[in-house]
Amino acid sequence: MSDFFEQFPTVFSALNVGFLQTLKLFAVTLLGAIPLGLIVSFGSMSRFKILSGATRTVVWIIRGSPLMIQLMIIYYFPGLILHNPIWGSGEDGRFLAAAIAFIINYACYFSEIYRGGVQSVPRGQNEAGLVLGLSKRQIFFKVTLLQMIKRIVPPMSNEIITLVKDTSLSRIIALQELIWAGESFMKGSRGLSGLIWPLFFTGIYYLAFSALLTALFNYTEKKLSYFKI
Amino acid sequence: MAILEVCGLKKSFGKTAVLKGINFTLEKGEVLVILGSSGGGKTTLLRCLNFLEIPEEGVIKVGGKVIFDAGNSAVLSESEIRKNRLNFGLVFQSFNLFPQYNVLKNVTLAPSLLKKGTDQEITQNAKQLLSKVGLSNKEESYPCELSGGQQQRVAIARALALNPAILCFDEPTSALDPELTGEVLKVIKSLKNSDMTMIIVTHEIEFAKNIADKIIFVDNGVILEEGDATVIDAPKNERLKNFLASFS
Ligand SMILES: Nc1ncnc2c1ncn2[C@@H]1O[C@H](COP(=O)(O)OP(=O)(O)O)[C@@H](O)[C@H]1O
Ligand SMILES: [Mg+2]
C-alpha cells in the first residue's frame, strides 16, 4: 500500500498529460465533426440523386466499418502503401491523423442524426409558417430549428459520450493519450515499471468525464422540456 | 362585386388529375361550405388558394384583382406568392401550432416577423383575438398543455391575426373528440356574425346547413352541385344524395 502512495504522484501527473491529449482529440473531433456532419447531411438529403447516393454510400461505409481500421488506414496508408509518409513520425502527425479519422467518422454519425432531426419535423409546421406569409428563412430559424435541436439532443448526447471512450482507440496508432499513458507503466516509464494499476485507474477519468457530460446533457434536455413535439 | 372569383382551376399530381376545372365566386361576408367525400379534392382546392400547391390552369381573383393566372407566363416569385397568399388564411385539420411558443406568441409570431405594427399593437390585437376565441386565460400556456379544441381555437386566432380577406378551414373539427367540436364550431359561427368571409370544408352537415350562404359539392375534382343551404335538404345530384345519406 505504501508503494501505491509513493507511486501515485508520478502516475497521476503522467495520466494527466495523457488525459490532456485525450481531451484535445475529443474537442477537436467535436469542433470538426459538428459542422462537417451538417455538410454531409445536406449531401445525403440533396435532391441530386447522384450526390445523395454517393454521400449515403460513404456514410454507410464509415458507419459500417470499425473506427479502429479507419484510423489505421488513414495513419499507415500514405507511408506504407504510397511510400509518402505525410504524417511524419512524431506525436503531432499521429494526432493529426487521429483527428482526421475521428472527424470523418463522427461527422457521418452526426449527419444521420441531423437528417433524422430535419425529417422529424412535421410537414405541417413548414406549411403553417408558409400560409402565415413567413419566408423559408424565417420558418427555419423561428419555427423548425428549435424543434430539430430538441429532437437531436438525446442522440447527440449518446454519440458524444461514446466519443469520450472511443478516443482510446487512437492508442492503436500510438497516440500518447490516456490509455497509452496508463499502459506505459507496464513497460516502464518515469522510473516505474511492471505496474498494471495505472491502466485500470484510467477508467476513473473516463467515468468522471462521462458523468460530467451526462449532467450537462440532462440539463440541456431539461431546459428544452417546456414544450413537447 | 365578388371578393373571390375562381375560374377553371386545374391541378394534378403526376398523372392523377385532382382538380378538373373548379369555378365559383364568393361575395364579401359570405360563407362557402365545401362538401364531398374523402379524396375528392377539397383539401387540394384550399391548398391552391393558399399557394401551398400551384395550379396548372386557372385564374384566381381577389376583390377583382388577378392574384394568380396560370396562363400568364410570368412565373410568380417567392415574395409575390408570399404577398398574395396573405389574402387567405388557412386553419388546418391538425392545428399545426408552433409547439415551442406559448399561445400568445403563436398568435403574434407572424405579425411581428412581417412587421404588421408595433409590438404593443400586435400584442394587444392578439389578446383581443384570444379573448374572441375564449382563451384569454391561456395566453401563457404551451400547445401541449391544451386540448384539441383549445389548440384549434388558437389556430383560428393565429390565422385572424394577419387579417385575411378570406379564411379557409380544412375539416377544422375532424381531429377532435366529439365533445370538443362544439366549442370550435361556436367560434366559427361567431366569425360569421362579424361578417368574416370564409370557406369551410366540413363533414358536420347540421353545422353546414346552419352557417352556409353557399354550398358546393366537390367530387372527383369537379363541382357536381352548388346552391344555398337548401341543397342539403333537397339535393338533386345522385352522388350528393348518397353522400348526405351516409350521415343519417
Ligand atoms: N401531394 C400529393 N401528391 C399526390 N397525390 C395527392 C397529393 N395530395 C393529394 N393527392 C391526391 O389527390 C386526391 C385528392 O386529395 P384531397 O385534396 O386531399 O381530397 P379531400 O381533401 O377531398 O379528401 C387524392 O386522391 C389524393 O391521394
Ligand atoms: Mg381533405
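The structure under discussion appears in the preceding block.
I will try to describe carefully the structure that is included in this document. Source: prediction; values computed, not measured. (Residues numbered from 1 in each chain as written. Chains lettered and ligands numbered in written order. Predicted model: local features only at pLDDT ≥ 70, side-chain atom pairs only at ≥ 80, totals over all residues. Heavy atoms only, no water.)

1. Re the overall build of chain A
Each helix and strand in chain A was counted, giving 8 helices and 0 strands. Of the regular secondary structure in chain A, the N- to C-terminal order runs α-α-α-α-α-α-α-α. For chain A, the C-alpha radius of gyration of 22 Å lies well beyond 17 Å, the compact-globule estimate for 229 residues. Burial statistics for chain A: of 229 residues in total, 46% are counted as buried. (Helix = DSSP H or I, 4+ residues; strand = E, 2+ residues; numbered from the N terminus. Rg over C-alpha atoms; globule rule 2.2 N^0.38 Å. Buried < 20%, exposed > 50% of the residue type's maximum accessible area, 1.4 Å probe, protein only.)

2. Side note on the layout of surface pockets
Within this model, the largest pocket holds a volume of roughly 1,100 Å³. Lining the largest pocket we find 35 residues, and of these A:F42, A:V118, A:F140, A:T144 and A:M148 sit closest to its centre. Those elements that provide at least two residues to the lining of the largest pocket are α1 (2-44), α4 (91-120), α5 (123-131), α6 (136-166) and α8 (197-223) of chain A together with α2 (78-85) of chain B. Per-element accounting of the lining of the largest pocket gives the leading share, 12 residues, to α6(A). Partitioned by chemical class, the residues of the lining of the largest pocket number 24 nonpolar, 6 polar and 5 charged. Considered as a void within the structure, the second largest pocket measures approximately 340 Å³ in volume. Taken together, 17 residues form the lining of the second largest pocket, with B:F68, B:D69, B:A74, B:V75 and B:L76 sitting closest to its centre. Within the residue set of the lining of the second largest pocket, elements represented by two or more residues are β5 (65-69) and α2 of chain B. Ranked by residue count, the leading element in the lining of the second largest pocket is β5(B), at 5 residues. The residue inventory of the lining of the second largest pocket, partitioned by class, reads 10 nonpolar, 3 polar and 4 charged. (1 Å grid on protein atoms, 1.4 Å probe; cavity = no way out; pocket = protein on both sides within 12 Å on 5 of 7 lines; lining within 4 Å. Points joined across faces, edges and corners; volume = space filled by probe spheres on them. Nonpolar A, V, L, I, M, F, W, Y, C, P; charged D, E, K, R; others polar.)

3. Considerations on helix α6 (residues 178-193) of chain B
Residues and elements named next belong to chain B. Counted at 1.5 Å a residue, the expected span for α6 with its 16 residues is 22 Å, and the 24 Å between its end C-alpha atoms agrees. Along α6, the residues classified as buried are L180, T181, V184, L185, V187, I188, L191 and K192. Considered in projection along α6, the buried side chains sweep an arc of 155° and stay on one side of the axis. Exposed side chains of α6 directed beyond 90 degrees from the buried face belong to E179, K186 and N193. One or two residues past the end of α6 sits D195, with phi positive at roughly 65°. (Expected span 1.5 Å × (residues − 1). Arc of directions from axis to C-beta.)

4. Points about the interface of chain B and chain A
Facing the 24 residues of chain B at the interface are 22 residues of chain A. Carbon and sulfur atoms make up 64% of the surface buried where chain B meets chain A, a total of about 2,100 Å² over both sides. Counting every contact that joins chain B to chain A gives 1 salt bridge. We note a salt bridge from B:R47 to A:E127, for which the minimum N-O separation is 2.9 Å. Taken together, the connections running from chain B to chain A amount to 10 residue pairs in polar contact (both at pLDDT 80 or more). A class-by-class count of the residues in the side of chain B that touches chain A yields 16 nonpolar, 3 polar and 5 charged. (Contact = heavy atoms within 4.5 Å. Buried area = accessible area lost by both parts, 1.4 Å probe. Salt bridge = Lys/Arg side-chain N within 4 Å of Asp/Glu carboxyl O. Polar contact = N/O pair within 3.5 Å; in protein donor to acceptor, adjacent residues only side chain to side chain.)

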